[in-house]
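As a plain string of letters, each chain reads:
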Amino acid sequence: MTEIVCEIEFDENSTRVCYSGQLLKGQATIYFPVDTHVKGDTIVRAGHNKYPFQIQLSRTLPTSYEGTYGYIRYITSLHIECSRSAQTLHPLEELFTIIKPLNLNSSSSSYQTPMMVRKYVKFSQFWLVFCCKTDDIKMSGRLPVRGYCPGQAINLKLTVINSSFLPILHFQVLFIQEVTYTANNGRQKVERIVLSDRKTAGCRADHPGRQIINVSTLVPSLPPTNFSANVCGSRYKIEVTAQTPMFHENPKFEIPVVIGTYPISNELYSSSNAAENQASLNSTLSSAPPPDNLLSASSESINTSDVPPYPDEDPPTYEEASRNGLTGNSFVPKYPTYRMQTSYANEQEP
């Protein structure tokens with residue numbers, strides 16, 4: 001070798017994925033072809049020289065993100081200042097991913113409980129100069145749990161009773177990510193990203209019977225829900241729209257969803273499900289609650305999650321987010337993705 005060569009490695013971390021609150025360890029390796037004077041007239045001997053480092057990452061660091069209008073990036077940088085060398089050495093910079101953990105098994109959260117939203121719509125029918133009310137359309141959407149991880153399936157159960165005179169042509173089910181970008185001056189911009197768009201069968205008019213439609217949506221590689229991001233914050237929801245003929249309102253409702261970094265265990269889901277069966281059906285929500293009200297009680301668990309947020313015997317794989325190259329940077333963050341089987345998130349055909 002005739003050139004100075006630099007390399008930065010993380011200890012036992014080939015994916016370069018770290019978690020907020022974690023102790024980051026690694027070493028910088030520098031190869032000098034000859035004895036080299038660096039700043040201070042210190043002499044570094046020829047050959048490979050290793051310099052270990054460790055950095056305590058703050059628990060408050062937000063998750064890495066590359067978006068359309070902004071980004072959150074983390075960089076390790078190595079600077080060498082040579083005092084008597086003909087070579088001009090540029091700093092070596094290596095990007096890596098940091099994830100703020102959100103363990104969905106947190107005892108202080110309600111992520112393990114089911115979520116149901118109901119929607120009632122009554123249409124008006126015109127006969128010459130008269131207007132009369134008809135029976136309504138009753139819809140409800142139910143999720144077995146409120147929290148999911150990339151790699152899992154969100155199984156939505158739609159229940160419909162169409163007693164109106166209008167047919168429902170089809171149901172459109174969207175899985176949506178809303179990213180809030182906050183500038184230094186406090187101005188915000190919200191980006192709506194449709195991650196999945198599914199259409200199901202409809203429901204004919206004046207059909208008093210109950211119809212059940214199952215829709216399964218696979219969660220792609222995504223950053224976890226961030227409740228208080230100062231730069232880029234992500235929230236998620238399922239949006240259901242009943243498509244009716246022209247000139248009529250399309251009934252719509254939303255179900256907030258939390259994306260975490262470790263999935264709900266079957267044991268916690270089973271116990272939560274048993275408790276729900278004993279509860280009164282009157283506890284069902286009549287409309288979609290604002291995400292802030294629904295999840296505010298769980299926000300504290302994000303800052304107190306253990307690191308790493310998954311057991312050693314069941315680690316995730318790390319997949320790159322599908323939305324890349326948006327900022328002209330080749331680096332793409334990696335997020336934990338699970339293939340573990342759970343009773344509440346098995347992928348089903350619609």
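Our subject is the structure that appears above.
Given the structure is predicted, the values throughout are model-derived calculations rather than measurements. (Residues numbered from 1 in each chain as written. Predicted model: local features only at pLDDT ≥ 70, side-chain atom pairs only at ≥ 80, totals over all residues. Heavy atoms only, no water.)

Asks: How do you make sense of the packing of aromatic side chains when you look at a structure like this?
Replies: Describing an aromatic ring pair means giving the distance of the ring centres and the angle of the ring planes. On inspection of all chains with the given rule, the structure shows six aromatic pairs. Between the aromatic rings of Phe-10 and Phe-96, the centroid separation amounts to 5.3 Å while the plane-to-plane angle is 85°, which identifies the pairing as edge-to-face. Within this pair, whereas Phe-10 is found in strand 1 (residues 5–10), its partner Phe-96 is found in strand 10 (residues 92–99), the two being separated by 86 residues in sequence. No difference in accessibility class separates Phe-10 from Phe-96, as the two residues are buried. A ring pair is formed by Tyr-262 and Tyr-338, whose centres lie 5.6 Å apart and whose planes are at 80°; its orientation type is edge-to-face. Note that Tyr-262 is positioned in the loop between strand 19 (252–259) and helix 1 (266–278) and Tyr-338 in the segment after strand 21 (334–337), a separation of 76 residues in sequence. Residue classification places Tyr-262 among the buried residues on the basis of a relative accessible area of 10%. Members of the aromatic cluster, joined through ring pairs, are Phe-10, Tyr-74 and Phe-96. (Phe/Tyr/Trp six-rings, centres within 6.5 Å; stacked < 30°, edge-to-face > 60°. Helix = DSSP H or I, 4+ residues; strand = E, 2+ residues; numbered from the N terminus. Buried < 20%, exposed > 50% of the residue type's maximum accessible area, 1.4 Å probe, protein only.)

Asks: Just checking my understanding: could you explain the sheet that holds strand 10 for this structure?
Replies: Sheet strands pair via backbone hydrogen bonds, and the direction of the pair is either parallel or antiparallel. Here three strands make up an open sheet; going across it, the order is 2-10-9 and the pairing mixed. Edge strands, defined here as strands with exactly one partner in the open sheet, are strand 2 (17–19) and strand 9 (74–78). Between one strand axis and the next, the sheet turns through 40° on average, direction left out of account. In this structure, strand 9 lies alongside strand 10, joined through five bridges in antiparallel fashion. When the sheet's bridge partners are listed, Ser-77 is paired in strand 10 with Glu-93. (Pairing = 2+ DSSP bridges. Axes fitted to C-alpha atoms, helices over the stretch in contact; angles between N-to-C directions.)

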